Amino acid sequence: RDGLLAGLLGLLARLLGRLSWGRCQSLGRGLGRLAWRLGGRHRSRTLEHLSIAFPQRSLAERTAIARESFLHHGMSLGECLRLLSASPADLEGWVRVEGWEHVEAAGSGGRPRLVLTGHCGNWELLAALINGRGLGMKVVARELDQGGFQRLLLALRERFGTATIERGGSGAARELLSTLRNGGALGMLIDQDTKVEGAWVPFFGRPAYTPLGAAKIAGRVGAAVIPAFIERGPDGLHLARFLPALELPADPVAATTLMSEAIEAQIRRRPAQWVWMHRRWRRQPPAELAAP
């Protein structure tokens, strides 16, 4: 089944390579609409998580956000398949950019840069844009369980010069540190509950297990941590926002809390463009550690 799906996606990518950006989005939106109708388990999970994050909103409001989130992720799939035949020049026509000067300023004097983001908007498009501008950023990511999907994803990243460091892989920690110590850049996402060293930090008012790796690595090499987010606008174009480097405390838990707050602020800004089907609060701390 994995091979069949990967083959279908490869065929779809070749088809979308001949279409305009807007047509690819429209096709992806249709796939998202189909997923909303057929994906009962993920639909229920999305609504459950939205009730945690936005208890003050009505069920109708949360349902509208949930449905739009499915459509958004379908559009992101269509866009990513289109990226397999795109060029850096194409991206500049599809994405508006704000704050790139913060990326340049953070690297003055050869200081290493850590680009912090979350699963907001089309994060693969964000990475492509960044490296299309010549930053040479490597990304830290978990290998997907589906081999066919993984190969397509790596092909997309490699097209724009984005190397992937497999999280937890052999030599990953050494490569992370050497990349930054040599003045390179890393892209890291810390908004999911994963099997890595982490801590309980607030996320929408509820403790969420959050990776500490980004804060520890940045503190160890003195990297500038630059929050970066991408969001889709109503006209079909995207906006990539690069914020000033964070002033982080030495304590990795406190630093991770500030990083998580930056991601939460972006989710609140565009709530339909986050991965609400992810089980962000699937684990909770023991009662004696839980925040009141």
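Structure's up top.
What comes next concerns the included structure. (Residues numbered from 1 in each chain as written. Predicted model: local features only at pLDDT ≥ 70, side-chain atom pairs only at ≥ 80, totals over all residues. Heavy atoms only, no water.)

### Observations concerning the pattern of salt bridges
Here is step 1 of the chain: Enumeration according to the criterion identifies twelve salt bridges in this entry.
Here is step 2 of the chain: Among the salt bridges present, the one from E68 reaches R29, with a minimum N-O distance of 3.3 Å. Taken as a pair, E68 in helix α4 (residues 59–83) and R29 in helix α2 (residues 21–38) lie far apart in primary sequence, 39 residues in all.
Here is step 3 of the chain: On the basis of relative accessibility, which here comes to 30%, the residue E68 falls in the partly exposed class.
Here is step 4 of the chain: Owing to a relative accessible area of 27%, R29 belongs among the partly exposed residues under this scheme. (Salt bridge = Lys/Arg side-chain N within 4 Å of Asp/Glu carboxyl O. Helix = DSSP H or I, 4+ residues; strand = E, 2+ residues; numbered from the N terminus. Buried < 20%, exposed > 50% of the residue type's maximum accessible area, 1.4 Å probe, protein only.)

### With respect to the layout of surface pockets
Here is step 1 of the chain: By volume, the second largest pocket amounts to about 250 Å³.
Here is step 2 of the chain: If you go around the second largest pocket, you meet 18 residues; those closest to its centre are A218, G219, A223, L248 and P249.
Here is step 3 of the chain: Per-element accounting of the lining of the second largest pocket gives the leading share, four residues, to helix α10 (residues 213–221).
Here is step 4 of the chain: Taken together, the residues of the lining of the second largest pocket break down into twelve nonpolar, two polar and four charged. (1 Å grid on protein atoms, 1.4 Å probe; cavity = no way out; pocket = protein on both sides within 12 Å on 5 of 7 lines; lining within 4 Å. Points joined across faces, edges and corners; volume = space filled by probe spheres on them. Nonpolar A, V, L, I, M, F, W, Y, C, P; charged D, E, K, R; others polar.)

### Side note on helix α9 (residues 172–181)
Here is step 1 of the chain: Within α9 the residues assigned to the buried category are A172, L176, L177, T179 and L180. Looking straight down α9, one finds that the buried residues subtend no more than 160° of arc, so they occupy a single side. Those residues of α9 that are exposed and angled more than 90 degrees off the buried face are R174 and R181.
Here is step 2 of the chain: For α9, the elements touching its buried residues are β2 (113–117), β3 (137–141), β4 (164–166), β5 (185–189) and α10.
Here is step 3 of the chain: At the exit of α9 stands G183, carrying a positive phi of roughly 80°. (Arc of directions from axis to C-beta. Contact = heavy atoms within 4.5 Å.)

### Quick word on the nonpolar core
Here is step 1 of the chain: Counting residues in hydrophobic clusters, the biggest one holds 40 residues, and the most contacted among them are L114, F204, I267 and W276.
Here is step 2 of the chain: Elements represented by at least two residues in this core include exactly α3 (40–53), α4, β2, α9, β5, α10, β8 (224–232) and α11 (252–269).
Here is step 3 of the chain: Among the elements that make up this core, the one with the highest residue count is α10 (five residues).
Here is step 4 of the chain: Excluding its chain neighbours within four sequence positions, the residues that come into contact with I267 are C120, F203, F204, W274 and W276. (Core = buried A, V, L, I, M, F, W, Y, C linked by side-chain atoms within 4.5 Å.)

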